[in-house]
Amino acid sequence: MAAANGSGKGFEVPKVEVKFTKLFINGNFVDAVSGKTFGTRDPRTGDVIANIAEGDKADIDLAVKAAREAFDNGPWPRMTGYERGRILHKFADLIDQHIEELAILDTVDAGKLFAIGKARDIPGAAHLLRYYAGAADKIHGETLKMAQRMHGYTLKEPVGVVGLIVPWNYPTTMFFFKVGPALAAGCAVVVKPAEQTPLSALFYAHLAKEAGVPDGVLNVVPGLGPTAGAAVASHMDVDKLSFTGSTEVGRLVMKAAAESNLKPVSLELGGKSPIVVFDDADLDMAVNLVNFATYTNKGEICVAGTRIYVQEGIYDAFVKKAAELAKKSVVGDPFNPRVTQGPQVDKDQYEKVLKYIDIGMREGATLVTGGKACGDKGYYIEPTIFTDVKDDMSIAQDEIFGPVMALMKFKTVEEVIQKANNTRYGLAAGIVTKNIDIANTVSRSIRAGAIWINCYFAFDPDAPFGGYKMSGFGKDMGMDGLEKYLQTKTVVTPLYNTPWL
Amino acid sequence: MYWLRLRLHYWTSLLPGALLHRFSTAPAPAAATSAATTDEPIQPAVEIKHTQLLINGNFVDAASLKTFPTVDPRTGEVIARVAEGDVEDIDRAVSAARRAFDHGPWPRMTAYERCRVLLRFADLIEEHAGEIAALETWDNGKTLAQSVGAEVPMVARCMRYYAGWADKIHGLVVPADGAHHVQVLHEPVGVAGQIIPWNFPLLMFAWKVGPALACGNTVVLKTAEQTPLSALYVASLLHEAGLPEGVLNVVSGFGPTAGAALCSHMGVDKLAFTGSTGTGQIVLELAARSNLKPVTLELGGKSPFIVMDDADVDQAVELAHHAVFFNQGQCCCAGSRTFVHERVYDEFVEKSKARATKRVVGDPFRDGVEQGPQIDEEQFKKILRYVQSGVDSGATLVAGGDRAGNRGFYIQPTVFADAKDEMKIAREEIFGPVQTILKFSGMEEVIRWANATHYGLAAGVFTSSLDAANTLSRALRVGTVWVNCYDVFDAGIPFGGYKMSGVGREKGIYALRNYLQTKAVVTPIRDAAWL
């Protein structure tokens, strides 16, 4: 693979300007109560980009108090859905006006490809906000057909103060997966962004204020999971919690919720998603799709297609082409438009991925390409492919969250369904076939929240997303995504002298 | 201002302060009623940019080159001459719409892209609010305060509402009894023919065009010959917002020619009409005789407004007054049968008389005016004939009863008391500023009378009793019941009639059905893990 690491060779790294480094509470940027800060690092170099106010329990308390006040007494839940929608539309327009600046922040903070950030992540956030802006006035209750002489109806009311804990792999997208529907529903929120990537979240807080989101409705508290995150999860005044992150932390979040006020929780967790390539597939298309599914965002994506099952008739040809294609990847500075893969987000992740590669080799899988770190600084790893992978190997069971593909051979539909489901995860799956019956059968048989047939990462604001099994519960996006931010209230009163029921 | 705090109805809450003041109980200048109609008309601050037909993205003359005058109802004078569409123009417009639907980008772009066009359109409407409102008032005679404060914002609201639906049109995946995978696709119905009336030209444009475009259809719109101007103007803004050519065609013209051609056109897939019940019958018949195109109709009404004995009489009088006199009484859902419980009847009549008498009639461009002229001479004469019939049939004329001023189509706010159910003024749609008050003594009686009509568009119920409100809400055979409010027309609320007031519903999620086909896609599912 071509190493394009470093900078200044045929491309320009745009000026990185960090405007917001403090906590955003009740409409103001403030220091942490403790006065502490932490460094957010550039994964291209490992250097500190900026020191960020480090939120802790005391700050979460302040943020929740502000959100509580905004919800209990402020205008936001008392506006019409249309009025909230207008403000969210304005928010979306402001994002569109700052695409470049926001994309720079996500690239420097998370090592994400700058070109993709400008073309997809940031405009996609505006799109998602517009979707929920349009949904804000379409939250319908229902009138009921009661079995008694009663008039009954349901009201869908905002659930209240919502804690939102978002991960570092898609700092912008994940922020709006949660903030979009929560705000549309009329909730007040406390967002804890990941400590690796606080920069864009703070910028969004600023834009929200400019758009007219009232003070206290959106609070952003950067900090660490065990302190700030835990404080949100166990807060007695948080009415609902939505978390995206690892399955291990998801378990802690749910425990904290259970042990505090039994707040309902939705979790979008890890995955080990299979892609099943059948003999009838267009080979080149399949190879491209699988490459895309595994290596997008350096494999740091919960729905990454990391278990690749290829039918025996095309297996050998597939392996050869997949290796050739992986070798064409250009790993390097994510600001470089030629680069297809940036650095892993931080040292921990980088070391974890390399450790799994080592485990894969020790467990007896065959390393076909990649397998090593690259570049002389930062957290770059070569796109890696293993073959001869067995179902019970760690690299076929655990979420690696890096550019590592595990290739496996299968014979029959029944066999591959069984293998695909042989996991504690159930987030997504890919199917590559031209056959309608295979597509339908496998779609229904795989226990996963998203099935992409002859495509992958087909996310859309209207398409609900979330996991089966230990990949979590509750959906983000779509009208389903609103549900978790709503309470259902049933109102009943007797009817007298009604001519019909 | 207790009245305002209650926000009893939506229209007043949208109107600017000056006018709102008039709706409150503050006394109005006694001489205002007729004086304003004799002043020199105020020159509207708007230039008329578009008078031609809009076909395939271009403003063009009628094939016949004919034009017709559109008239200022304040004076009866011609505002502008407008291209007069006829059969050949409808053919051209339908061909353009057909091409745009069958081959053009509109139904093939993503819903989000359509959504963005409609959102930009809403923004443009707000940017040009002043001109649009002036045009509407000039052509229609409704007050400028109403055009600015209510109708233009409601048009923008309606467009944004349907923009938000565009990417949320869901079919169901159906659990069939058998090993089948069943999906329902909702597809645009195709070319929609839409005929709108003159009483709310802009709002009716929005109610029709909004859902049709959001669903991906193309449209041929025929406006009322009395009010062709505002639709042409906003249609040009819609193109500025990025609407592809041929997607919306606007043909000005008359019902028996252009309207009939649209109704009976074999290339039109769906028809939506708002207007009189008589014309609605013709529309339905033409659709049946041609290609059986599905039709939605929003027709006339004789809506009851029921005041129970527990009502606060002052509030009831104000709301009942508004329900019938709003928009010069030219509302299909006007609360034109005011049923008042005998225990509060006398006080109610007295206060209604006082309220009507102080209603400010005059140039709709003038600040503080509540009521402008009727739309045209024909309506003006028809209303005066009904007033005469009320007198002749023995109802008590307690206010008004004549024209106001000496030119244009102004009519005095008129109130009849002691009306009987069988009188013409209690049975037929007058479509003017005429309130007909009837006395009732009990719930069962008022339900019977309220329902004793061919119409079933709307009803008002005024009571503080929860049980009375629930009983009446369910018992009345009408499409909308407004309890302690009236004329609440948000885009999310479905609107339409029972009985001869129409077929189908506009607005809300319900209007999407009018513009969508339903396709079931079924295929066997083999070896499914579960069904």
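Thresholds, definitions, all that
Residues numbered from 1 in each chain as written. Chains lettered and ligands numbered in written order. Predicted model: local features only at pLDDT ≥ 70, side-chain atom pairs only at ≥ 80, totals over all residues. Heavy atoms only, no water. UniProt positions renumbered as here; feature names shortened; annotations may be inferred. Pairing = 2+ DSSP bridges. Helix = DSSP H or I, 4+ residues; strand = E, 2+ residues; numbered from the N terminus. Axes fitted to C-alpha atoms, helices over the stretch in contact; angles between N-to-C directions. Domains from an automatic or database assignment. Contact = heavy atoms within 4.5 Å. Buried area = accessible area lost by both parts, 1.4 Å probe. Salt bridge = Lys/Arg side-chain N within 4 Å of Asp/Glu carboxyl O. Nonpolar A, V, L, I, M, F, W, Y, C, P; charged D, E, K, R; others polar. Buried < 20%, exposed > 50% of the residue type's maximum accessible area, 1.4 Å probe, protein only. Right-handed = clockwise from strand over helix to strand, strands pointing away. Core = buried A, V, L, I, M, F, W, Y, C linked by side-chain atoms within 4.5 Å.

An unreviewed UniProt entry lists chain B under the name Aldehyde dehydrogenase domain-containing protein, with Digitaria exilis as the source organism. We quote the UniProt Sequence similarities (unreviewed entry) comment for chain B here in full: "Belongs to the aldehyde dehydrogenase family."

An unreviewed UniProt entry lists chain A under the name Aldehyde dehydrogenase 1, with Digitaria exilis given as the organism. UniProt lists a comment for chain A under the heading Catalytic activity (unreviewed entry), and it reads "octanal + NADP(+) + H2O = octanoate + NADPH + 2 H(+)". Annotation of chain A in UniProt includes, under Sequence similarities (unreviewed entry), the sentence "Belongs to the aldehyde dehydrogenase family."

Q: If you had to explain the sheet that holds strand S18 (residues 480-483) of chain B to someone new, which residues and values would you point to?
A: Backbone hydrogen bonds are what pair the strands of a sheet, in a parallel or an antiparallel way. Residue and element names in this part refer to chain B. The strand order across the open sheet formed by seven strands is S14-S15-S16-S13-S12-S17-S18, and the pairing between neighbours is mixed. Single-partner strands in this sheet number two, and they are strand S14 (396-399) and S18. Taking the axes of each pair of neighbouring strands and ignoring which way they run, one obtains an average angle of 25 degrees across the sheet. Here strand S13 (residues 337-341) runs beside strand S16 (residues 434-440); their pairing, made up of five bridges, is parallel.

Q: Break down the domain arrangement of chain A for me, with residues and values.
A: Residues and elements named next belong to chain A. With domains assigned, chain A is organised as domain 1 (23-269 + 471-488) and domain 2 (273-453). Listed as interface residues are 22 residues of domain 1 and, on the opposing side, 28 residues of domain 2. Buried area between domain 1 and domain 2, both sides added, is near 2,100 Å², and the carbon and sulfur share of it is 59%. Its largest share of buried area at the contact with domain 2, domain 1 owes to Arg44, Trp168 and Ser471, together 29% of the area lost on that side. Across the contact surface, domain 1 and domain 2 share one salt bridge. Between Arg44 and Asp333 there is a salt bridge, and its shortest N-O distance comes to 3.0 Å. No other element matches the five residues that helix H3 (residues 99-110) contributes to the side of domain 1 that touches domain 2. Of the residues belonging to the side of domain 1 that touches domain 2, the class tally is nine nonpolar, eight polar and five charged.

Q: I'd like to hear about the domain arrangement of chain B, residue by residue, with values.
A: Residue and element names in this part refer to chain B. You can read the domains of chain B as domain 1 (53-299 + 505-517) and domain 2 (304-490). Using only C-alpha atoms to locate each centre, domain 1 and domain 2 end up separated by 30 Å. Contact with domain 1, which involves 29 residues of that partner, is made by 28 residues of domain 2. A buried area of about 2,300 Å², summed over both sides, lies between domain 1 and domain 2, and 59% of it is on carbon and sulfur atoms. Here Asp363 and Arg74 are joined by a salt bridge, their closest N and O atoms 3.1 Å apart. Residue assignment for the side of domain 1 that touches domain 2 shows that the elements contributing at least two residues are helix H7 (129-140) and helix H8 (144-166).

Q: Before we move on, can you summarise the UniProt feature "active site" (unreviewed entry) in chain B with the specific residues and values?
A: Residues and elements named next belong to chain B. Those residues carrying the UniProt feature "active site" (unreviewed entry) are Glu298 in this numbering. Topologically, Glu298 is positioned in strand S11 (residues 295-298). Excluding residues that lie within four positions of it along the chain, Glu298 makes contacts with Trp207, Phe273, Thr274, Gly275, Cys332, Leu457, Phe495, Ser501 and Glu506.

Q: For the pairing of strand S11 (residues 240-244) of chain A, give the residues involved together with the corresponding values.
A: It is a general feature of regular strands that their side chains alternate between the two faces of the sheet. Residue and element names in this part refer to chain A. Burial runs high along S11: five of the five residues are buried. Two strands pair when backbone bridges link them, and strand S8 (residues 161-165) and S11 are joined in this way by four bridges, in the parallel orientation. Paired with Ile165 across the strands is Phe243, a residue of S11. For the handedness criterion, the β-α-β arrangement of S11, helix H8 (residues 247-259) and strand S12 (residues 265-268) is classed as right-handed.

Q: Describe the nonpolar core, naming the residues involved and giving the relevant values.
A: Residues Phe91, Ile95, Val277 and Phe318 of chain A are the most contacted members of the largest nonpolar core, which totals 133 residues. Top element by residues in this core is helix H4 (residues 114-135) of chain A. It accounts for ten residues. Composition of this core by domain shows at least three residues from each of domain 1 (23-269 + 471-488) and domain 2 (273-453) of chain A. With near-sequence residues (within four places) excluded, Val277 of chain A lies in contact with Ala286, Val290, Tyr309, Val310, Gln311, Ile314, Phe318, Phe410 and Val432 of chain A. If you look at the next biggest cluster of nonpolar residues, it comprises 106 residues, including Ala231, Leu248, Ala417 and Ile437 of chain B.

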